[in-house]
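# Descriptive analysis of the structure
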Amino acid sequence: MTHVLAAKLAAAGPVIPNFGGGGAHSCVRRNGFFCWDWFRSHWSDTFQPALLDHIKLTAIAIGIGFAISFAAALLAYRFVRFETPFSIFSGILYTIPSAALFQLLVPITGLTTTTVEIALISYTLLILFRNTVVGLRGVSDEVREAARGMGFTRAQTLLRVELPLAAPAILAGVQIAAVTVISLATIGAFIVDEGLGGPIFRAITTDFNTEFVAAAVLTTLLAVVVYALIAGAQRVLTPWARREMAR
Amino acid sequence: MGQEGDGAMKTFGDAITFIGHNLSFLLDKTGQQLELSGAAIGVSLVIAIPIGLWLGHIHRGAWFAISVSNVGRALPSLGVIAIGLAIFGLGFVNVLVALVVLALPPLLTNAYVAIDGVDREVVEAARGMGMSPLQILLRVELPLGLPLLFAGIRTAAVYVVATATIASLAGGEGLGDIIFNQASYRLPGVVAAAIWVSALALAVEGAFALLQRLVTPAGLRHRVPGIGPAGKPVDIG
């Protein structure tokens, strides 16, 4: 049906500006599904910076989100009463559609990167909190007893026994949170033109296929690569988890 | 609180006024959004549930069922909608296909895990009682797996209703028409729609949580997960 759209566009007049890029002209003018030449000639001025911004947005959100959730999880691990309130709080944040949460923050923090980051962070909380708590709770009482028997203090037990054993679950949480943030950060570009959502929003208004297909594919690739990298880190950092699975 | 804070309070106040003045318009848009979401969930249920149940019943395809959910998670919703736009053009079809693609993974994986995880001894007992495979699936495995199956439906439903908001960028109709059109509705209107759509998502979540409780056999009630993405909290990497 692409050609129908192209025909519609051709009839509507020159909606697509001349983007240049050598042999790309005919493909761009036809508004083909993906014009490789156009993509290549705009890699360094559009896609590469957007990709780097996207990674930065994601890294900040995961970093701060992790710090908050980790502290909350440790608190909930020690004081069980704290778990339900934080679960409900982060659950509500998680349920609010991203497009709405970004806009709800605009009156308070304006059209800024802060707005985008606050929303992105709020989506990581539930996943990171829940996985950390579940990971810590999963440590068996015998192991904890043994640590105490060896003369470990509570802090030592946490740092040297419980957290390492909870690491696979925590990393799995980071994995899911990272992929979620990568996806939602594209929507944040509606607030601030930053990251791979920028080309998507720009192209949706002009109907220029290559630009949004490229950005969409790059976002997906980024998510897949990050997912695989964290899975790899999980294997390297917690070899015992793999052995357990093999059993 | 400085001038900026006052400005924010005023915007939220105006947003509430907007809701009061435009109730029927908002309800109209809500109807459109729910229609689109309902269609998408319906189509995904028809595709995902039989496959998931069947794979779970024969205990095969674990790799497939889990991978689908992992890949699904990596798919950026706006990206799927954008690529759909390039293939199908602006409109209902593109949006419906995109939402179905996004809803399939949690449904399929949960249906699989729900049935696959049913206690094998219970299934053996049923077989010993002379039940046919279909009877085992429908009368033993399905009731026992229902809470987890429903958890998947709930995750998918909330996800679809939320994503349908973005779908208005690609020609789907709904509350996104207001949220993404500040030029027409001004900031109070946009904020009003954002409040409205948040309430809608929470209502859908709540309704499905209740439904999930109702379909859960009394003996399994304590296992029903709380608010948020249901199912196993720890991902199988």
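Residues numbered from 1 in each chain as written. Chains lettered and ligands numbered in written order. Predicted model: local features only at pLDDT ≥ 70, side-chain atom pairs only at ≥ 80, totals over all residues. Heavy atoms only, no water.

Right, let's talk about the overall build of chain B for a bit. Along its length, chain B carries nine helices and zero strands. Reading chain B from its N terminus to its C terminus gives the helix and strand order α-α-α-α-α-α-α-α-α. Put simply, chain B has 237 residues, and 51% of those count as buried. Put simply, of all contacts in chain B between residues at least 6 apart along the chain, 79% involve residues at least 24 apart. (Helix = DSSP H or I, 4+ residues; strand = E, 2+ residues; numbered from the N terminus. Buried < 20%, exposed > 50% of the residue type's maximum accessible area, 1.4 Å probe, protein only. Contact = heavy atoms within 4.5 Å.)

Residue and element names in this part refer to chain B. Along its twelve residues, helix H4 (residues 77-88) runs 16 Å from first to last C-alpha, staying within 8% of the 16 Å computed at 1.5 Å per residue. Buried residues dominate H4, accounting for nine of its twelve residues. Inspection of H4 places Ser-77, Leu-78, Gly-79, Val-80, Ile-81, Ala-82, Gly-84, Leu-85 and Ala-86 among the buried residues, and these make up the whole buried set. After H4 finishes, the residue Gly-89 shows a positive phi value of roughly 80 degrees. (Expected span 1.5 Å × (residues − 1).)

The next subject is the environment of Arg-160 of chain A. Residue and element names in this part refer to chain A. Looking at the element boundaries, Arg-160 is found in helix H9 (residues 154-188). You can call Arg-160 exposed: its relative accessible area is 55%. Measuring from C-alpha to C-alpha, the distance between Arg-160 and Ser-90 comes to 28 Å, with 70 residues separating the pair along the chain.

Here we take up the packing of helix H6 (residues 98-109) of chain A against H9 of chain A. Each pair of packed helices gets described by two things: the angle between the helix axes and the distance between those axes. Residues and elements named next belong to chain A. Packing of H6 against H9 leaves a shortest axis separation of 9 Å and a crossing angle of 55 degrees. Classified by the angle between their axes, H6 and H9 sit oblique to one another. In this structure, the crossing between H6 and H9 has a hand that is right-handed. Counted together, Ser-98, Ala-99 and Phe-102 of H6 and Leu-184, Ile-187 and Gly-188 of H9 form the full contact between these two elements. Class assignment of the residues belonging to the contact of H6 with H9 gives a composition of four nonpolar, two polar and no charged. (Axes fitted to C-alpha atoms, helices over the stretch in contact; angles between N-to-C directions. Parallel < 35°, antiparallel > 145°, perpendicular 65-115°, else oblique. Left-handed = near helix turned anticlockwise from the far one by under 90°. Nonpolar A, V, L, I, M, F, W, Y, C, P; charged D, E, K, R; others polar.)

Let us look at the nonpolar core. Core analysis: the largest hydrophobic core is formed by 112 residues, its most contacted members being Leu-120, Ile-200 and Phe-212 of chain A. In terms of residues, this core owes the most to one element, helix H11 (residues 209-237) of chain A, which gives eleven residues. Judged by nonpolar contacts, the second largest core, of eight residues, contains Ile-49, Leu-53, Ala-114 and Leu-149 of chain B. (Core = buried A, V, L, I, M, F, W, Y, C linked by side-chain atoms within 4.5 Å.)

So, on to unusual backbone geometry. Residues and elements named next belong to chain B. One non-glycine residue, His-59, adopts positive backbone phi at about 55 degrees. Residue classification places His-59 among the partly exposed residues on the basis of a relative accessible area of 29%. A positive phi angle is found at Arg-186, which is not glycine, with a value near 60 degrees. With respect to the helices and strands, Arg-186 occurs in helix H9 (residues 182-215).

Turning our eyes to something else, we now look at the packing of aromatic side chains. A ring pair, where both rings are aromatic, is described by two values, the distance of the centres and the angle of the planes. In total, this model carries 16 aromatic pairs over all chains according to the counting rule given. With 4.5 Å between their ring centres and 55 degrees between their planes, Phe-86 of chain A and Phe-129 of chain A make a pair best called tilted. Of this pair, Phe-86 of chain A sits in helix H5 (residues 83-95) while Phe-129 of chain A sits in helix H7 (residues 113-137); the two residues are 43 residues apart in sequence, bridging distant segments of the chain. Its relative accessible area of 1% is what places Phe-129 of chain A among the buried residues. A centroid spacing of 4.5 Å and a plane angle of 90 degrees characterise the contact between Phe-190 of chain A and Phe-180 of chain B, whose relative ring orientation is edge-to-face. Within this pair, whereas Phe-190 of chain A is found in the loop between H9 and helix H10 (197-206), its partner Phe-180 of chain B is found in the loop between helix H8 (176-179) and H9, the two belonging to separate chains. For Phe-180 of chain B, a relative accessible area of 14% translates into the label buried. Feature note: the residues Phe-34, Trp-36, Trp-38, Phe-39, Trp-43, Phe-47 and Phe-208 of chain A constitute an aromatic cluster, connected by ring pairs. (Phe/Tyr/Trp six-rings, centres within 6.5 Å; stacked < 30°, edge-to-face > 60°.)

Residues and elements named next belong to chain A. Counted under the stated rule, the structure contains one disulfide over all chains. Here Cys-27 connects covalently by a disulfide to Cys-35, the sulfurs 2.1 Å from one another. Judged by the sign of its S-S torsion, about -85 degrees, the cystine formed by Cys-27 and Cys-35 is left-handed. The exposure class assigned to Cys-27 is buried, which follows from its relative accessible area of 14%. (Disulfide = S-S within 2.5 Å.)

Bringing the interface of chain B and chain A into the picture now. Taken together, the contact between chain B and chain A spans 43 residues of the former and 46 residues of the latter. The interface formed by chain B and chain A contains zero salt bridges. Ranked by residue count, the leading element in the side of chain B that touches chain A is H9 of chain B, at ten residues. Of the residues in the side of chain B that touches chain A, the class split is 30 nonpolar, nine polar and four charged. (Salt bridge = Lys/Arg side-chain N within 4 Å of Asp/Glu carboxyl O.)

Below, the discussion takes up the packing of helix H3 (residues 62-74) of chain B against helix H5 (residues 92-116) of chain B. Residues and elements named next belong to chain B. In the contact formed by H3 and H5, the axes pass within 8 Å of each other and the chain directions differ by 150 degrees. Overall, the two elements H3 and H5 adopt an arrangement that is roughly antiparallel. Handedness of the crossing formed by H3 with H5: left-handed. Of H5, the residues touching H3 (which contributes Ala-62, Phe-64, Ala-65, Ile-66, Val-68, Ser-69 and Gly-72) are Pro-105, Leu-108, Thr-109, Tyr-112 and Val-113. Its residues assigned to classes, the contact of H3 with H5 shows nine nonpolar, three polar and no charged.

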